[in-house]
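Chain by chain, the residues run as shown.
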Amino acid sequence: LPESIIAAACSRSGQRVLHVDSRSYYGGNWASFSFSGLLSWLNEYQESSDIVNESLEWQKQILENEEAIALSRKDRTIQHVEVFCYASQDLHEDVEEAGALQKNHASVTSVNLTEAADSVCLPTEDESLSTVSCEMPPEQTPSSNPESAPEINDVEAVEEKENHCNDKICVQTTSEEETSENMPTAEYTAEQPKKNVITYSQIIKEGRRFNIDLVSKLLYSRGLLIDLLIKSNVSRYAEFKNITRILAFREGRVEQVPCSRADVFNNKQLTMVEKRMLMKFLTFCMEYEEHPDEYKAYEDITFSEYLKTQKLTSNLQYFVLHSIAMTSEATSTTIEGLKSTKHFLHCLGRYGNTPFLFPLYGQGELPQCFCRMCAVFGGIYCLRHSVQCLVVDRDSRKCKAIIDQFGQRIISKHFVVEDSYFSENTCSNIQYRQISRAILITDRSVLNTDSDQQISILIVPASEPGTSAVRVIELCSSTMTCMKGTYLVHLTCTSSKTAREDLEPIVQKLFIPYTEMEIENEEIEKPRLLWALYFNMRDSSDISRNSYNDLSSNVYVCSGPDCGLGNDNAVKQAEALFQQICPNEDFCPPPPNPEDVVLDGDSLQPEASESSSILEANSETSKESPYLGNPEEPSE
C-alpha cells in the first residue's frame, strides 16, 4: 500500500514511474486471493530453497567504478504456515478439485500444498523468469468474473441496499430493519432454519466467490486513508460497506457493544444508570483536551486503572477499554486511551453507526486503486520481472540503476524498495516483530441475528501476561469476500509464539470443528469451522532506515503491513517518502477535470522532458474491474 500511494503521487506530479513486481501475483503481503489462488500462495511459501542454477550473467553489467547490492530472490516474510480442513471432503458433484486437501484433519504438509498449487495451473517461479506480463491472473480478478457480476445486484435486491456517496466515498449500507436489532447476546440466539451441509467441494466450486486478504484491516471513516481517497479522487475506483456492529467477548459469550447515542439508549442489557454513566464519560472523552484538570493527575497510570476512577461499572469499563478505545489493558496510558476513544467517537456517524468501513472485494483492492491512478498518468507496471541488484556508484555512494533478470540496466534517480526485497546481508542487524494471522471459513456468524449479512469486529482481550489482544473481523457474503452461506473470519494479533499457538485458543472459544456427528444437531451454539489457515507475517513497520546496511541516500524503504487496525501508518510513511522525493509538491492532488485540460503540445513537451524517473521495486500493481469507473485519460 505505501508503494502504491507513492507511485500514484509521483506519477500525478509529473514523474515517470516504473513499478516492478517479481512475483507471479499482485499485491505482495497486501494481496487478496480467490480460494484456489490462496492454495497456490501457500505452496509458494512452503518451498524451502532459493532458485537453483541462477544465472550470474548480470554481474558482467557492473562497471569498475560500481558495486552491486544483491537483492533477495526469496520472500522470507511468511512463516509457520499450517492448514486444516474440517468440512466434508466427499465429492458428491462433478467438480474439479482445484487444490483439494487430504482427507484427514491434520496439518497439510508441503507435498500436499505443492500438489494443490499445481492443480490450479498458475505459472511456477521458474516459468515466470522468462515472462514479463501485466495481465491479471484469472484467480485474482473476482470482480471481472462474469459469474460474480450479478451478485452485487442480487444482494442489493434481497437486502434492500442503499448507496450513500456523501464525501465522494460510495458506501453500501443495509436497511434500517437490519441494523435496529436490540443488541442480542449469544444466549438469545434465534432458531435458525436447517442449513444444507457445506462440503469442501462446494468451497472449491465457489472458490471465485472468495477474496481472502493476507492482511486484515478496516478503514476509520475519518482516518488518513479515507481523507486521501477523497482528496485524490481515487475513491471512485472502489466501493465500501459500513461495519454493522462492534462485539465484545465477555464471560464466555459474545454480545453487541453500544457505541452511538442511539445504540446506548436502545440497549436492553444496560441499566438506565449505566446508560447515563456511559454517555457522560463518552461526552467527556470528546472534549477531554479542554478539561486537563480531570485527567492530568492520572497521566502516569494505565487507561484501565484510570477507568476504575471514573465511577464506571465493570461492564462499562470492559466495553470502553476493549471495544471502543481498543487499547491494551496492561500498557496503554491514560492519554493514549482518551485519544483512541475520541478518535473512535469522532468517526461515528459519517457513514453509519460504527466508525469503520470495509472495501468490497477485500483490502487488496486499495493498493490497486492507487496503482490505477498511477497508470492513468503514465506509470508502467511489470509482473514476474525480478530485479537482481541495485547498482551503486563507488564515488558518490548513490544508487544509479538496477539490473533486471534479463541483464538489462534500468537507470533512475530514485528507488523505492519494499523491505522484503533486501537480502539477509542488508538486514543482518534487524530484529523483526511478527504478526500472527488466522483465516477461517465458518458456516454462520458468532452472533446470530435476524439478518445474516452482518459485518462485525470483535476484540478478545489477552488471557495471559505477555500476550496481546486478538482482533477478530467477521465478513459476510455481501462484502464479496466469501460464498453465500459462509462467513470469512480474520484473526490478528502481535506474535508471542507461532500463529497457531497464539490464535487457536481463541478459535476454540468461538467456534467448533465441523464434523459429521454434529451436522444434525441444531442446538449447537457456536458456529462450525469449515477450514482454517494459520501463518506468521513479518512486521517491519517500526524499523528505522538506519538499521539497514549500506543503503544509498536515494533508496527509500517501505515497510510491509503492520498489526494496527487502520492504515494510518502506511499513509504517513508514503507521504513522508514522497516529500523526500518531490519536495514542495502537493501530495496526491485531485486529477484535473477533462474540460480544464489545455491541449497545447508545445507547452507540455518541456515539462515532460524535465520530469525525472522513479523506479518502484515492490509488490503492488493495478487490476481492472467492471465496477471501477473509467477515468478520462489526460491529454499531453
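The name an unreviewed UniProt entry assigns to the protein is Rab proteins geranylgeranyltransferase component A, from the organism Orycteropus afer afer. In UniProt, the protein has this text filed under Subcellular location (unreviewed entry): "Cytoplasm, Cytosol". As recorded by UniProt, the Sequence similarities (unreviewed entry) comment attached to the protein reads in full: "Belongs to the Rab GDI family."

### Re the overall build of the protein
Within the protein one finds 17 helices and 25 strands. In the protein, buried positions account for 58% of the 636 residues. In the protein, 77% of the contacts between residues at least 6 apart in sequence involve partners at least 24 apart. Split by element, the accessible area of the protein, about 27,400 Å² in all, is 46% carbon and sulfur.

### Points about the sheet that holds strand E16 (residues 409–411)
Reading across the sheet, the four strands line up as E3-E14-E15-E16 and stay open at both edges, with antiparallel pairing between neighbours. Both edges of this open sheet fall to strand E3 (66–70) and E16, since each of them pairs with a single strand only. Strand after strand, the sheet turns through a mean of 30° between neighbouring axes, direction not considered. Across five bridges, the pairing between strand E14 (residues 387–393) and strand E15 (residues 399–404) is antiparallel.

### Side note on helix H10 (residues 272–286)
Taking 1.5 Å of rise per residue, 15 residues should cover 21 Å, and H10 covers 21 Å from first to last C-alpha, within 8% of that figure. Regarding H10, the residues found buried are Glu 274, Lys 275, Leu 278, Met 279, Phe 281, Leu 282, Phe 284 and Cys 285. Elements in contact with the buried residues of H10: helix H9 (261–266), helix H11 (303–308), helix H12 (314–324) and helix H13 (334–347).

### Side note on the side chain of Thr 492
By the element assignment, Thr 492 lies in strand E21 (residues 487–494). Within the local environment of Thr 492, its side chain forms a polar contact with the side chain of Arg 437, the two groups lying 3.5 Å apart.

### Side note on the packing of helix H1 (residues 2–12) against helix H16 (residues 568–581)
Put simply, H1 and H16 touch, their axes get as near as 9 Å, and they point 40° apart. It follows from the interaxial angle that H1 and H16 lie oblique. Handedness of the crossing formed by H1 with H16: right-handed. Facing H1, whose interface residues are Pro 2, Ile 5, Ile 6, Ala 9 and Cys 10, H16 presents Ala 570, Val 571, Gln 573, Ala 574, Leu 577, Phe 578 and Ile 581. Split by residue class, the contact of H1 with H16 holds eleven nonpolar, one polar and no charged.

### Observations concerning the nonpolar core
Grouped together as the largest cluster of nonpolar side chains are 101 residues, with contacts concentrated most on Phe 35, Trp 41, Phe 281, Leu 491, Trp 531 and Leu 533. Ranked by the residues each element gives to this core, the list is headed by strand E23 (residues 528–539), at eight residues. When near neighbours in sequence (up to four residues on either side) are disregarded, Trp 41 contacts Tyr 25, Phe 33, Ile 78, Leu 214, Leu 533 and Phe 535. In this structure, Ile 226, Leu 228, Leu 357 and Cys 582 belong to the second largest nonpolar core, which totals 44 residues.

### Considerations on H16
Taking 1.5 Å of rise per residue, 14 residues should cover 20 Å, and H16 covers 20 Å from first to last C-alpha, within 8% of that figure. For H16, the full list of buried residues reads Ala 570, Val 571, Gln 573, Ala 574, Leu 577, Phe 578 and Ile 581. Viewed end-on, H16 has its buried residues packed into an arc of 165°, placing them on one side of the element.

### Structural notes on the pattern of salt bridges
Throughout the structure, instances matching the rule amount to 22 salt bridges. Across the salt bridge formed by Glu 82 and Arg 500, the nearest N and O atoms sit 3.2 Å from each other. Within this pair, whereas Glu 82 is found in strand E4 (residues 78–85), its partner Arg 500 is found in helix H15 (residues 499–510), the two being separated by 418 residues in sequence. Where Arg 433 meets Asp 542, a salt bridge forms, and the shortest distance between an N and an O atom there is 3.4 Å. On the criterion of sequence distance, the pair formed by Arg 433 in strand E18 (residues 433–442) and Asp 542 in the loop between E23 and strand E24 (555–558) is long-range, its members being 109 residues apart. On the basis of relative accessibility, which here comes to 41%, the residue Arg 433 falls in the partly exposed class. If you follow the salt bridges from partner to partner, you end up with Glu 66, Asp 393, Lys 400 and Arg 409 in one network.

### With respect to unusual backbone geometry
Its identity is not glycine, yet Tyr 361 carries a phi of approximately 75°, on the positive side. Mapped onto the fold, Tyr 361 is located in the loop between strand E12 (356–359) and helix H14 (365–376). Classification of Tyr 361 as buried rests on a relative accessible area of 5%. The phi dihedral of Asp 550 falls on the positive side, at around 55°, and the residue is not glycine. With respect to the helices, strands and loops of the structure, Asp 550 is situated in the loop between E23 and E24.

### A few points about the environment of Asn 536
Mapped onto the secondary structure, Asn 536 falls in strand E23. On the basis of relative accessibility, which here comes to 1%, the residue Asn 536 falls in the buried class. C-alpha of Asn 536 to C-alpha of Ser 495: the two residues are 41 residues apart in sequence and 7.6 Å apart in space. Ignoring sequence-local partners within four residues, the contact set of Asn 536 consists of Thr 77, Ile 78, Gln 79, His 80, Gln 434, Ile 435, Ser 436, Ser 495, Lys 497, Thr 498 and Ala 499. A polar contact is formed between the side chain of Asn 536 and the side chain of Ser 436, at a distance of 3.2 Å.

### Digging into the state of the cysteines
Using the criterion set out here, one finds zero disulfides in the structure. We note that Cys 563 lacks a disulfide partner, and the nearest cysteine sulfur, in Cys 493, lies 6.6 Å from it. On the basis of relative accessible area, Cys 563 is assigned to the buried category, the value being 16%.

### As for the environment of Phe 265
Here Phe 265 lies in helix H9. For Phe 265, a relative accessible area of 41% corresponds to the partly exposed category. Look past the residues within four positions of Phe 265 in its chain and what remains in contact with it is Lys 275 and Met 279.

Cut-offs used in this document
- Residues numbered from 1 in each chain as written.
- Predicted model: local features only at pLDDT ≥ 70, side-chain atom pairs only at ≥ 80, totals over all residues.
- Heavy atoms only, no water.
- UniProt positions renumbered as here; feature names shortened; annotations may be inferred.
- Helix = DSSP H or I, 4+ residues; strand = E, 2+ residues; numbered from the N terminus.
- Buried < 20%, exposed > 50% of the residue type's maximum accessible area, 1.4 Å probe, protein only.
- Contact = heavy atoms within 4.5 Å.
- Areas by Shrake-Rupley, 256 points an atom, 1.4 Å probe, with all protein chains shown as cover.
- Pairing = 2+ DSSP bridges.
- Axes fitted to C-alpha atoms, helices over the stretch in contact; angles between N-to-C directions.
- Expected span 1.5 Å × (residues − 1).
- Polar contact = N/O pair within 3.5 Å; in protein donor to acceptor, adjacent residues only side chain to side chain.
- Parallel < 35°, antiparallel > 145°, perpendicular 65-115°, else oblique.
- Left-handed = near helix turned anticlockwise from the far one by under 90°.
- Nonpolar A, V, L, I, M, F, W, Y, C, P; charged D, E, K, R; others polar.
- Core = buried A, V, L, I, M, F, W, Y, C linked by side-chain atoms within 4.5 Å.
- Arc of directions from axis to C-beta.
- Salt bridge = Lys/Arg side-chain N within 4 Å of Asp/Glu carboxyl O.
- Disulfide = S-S within 2.5 Å.

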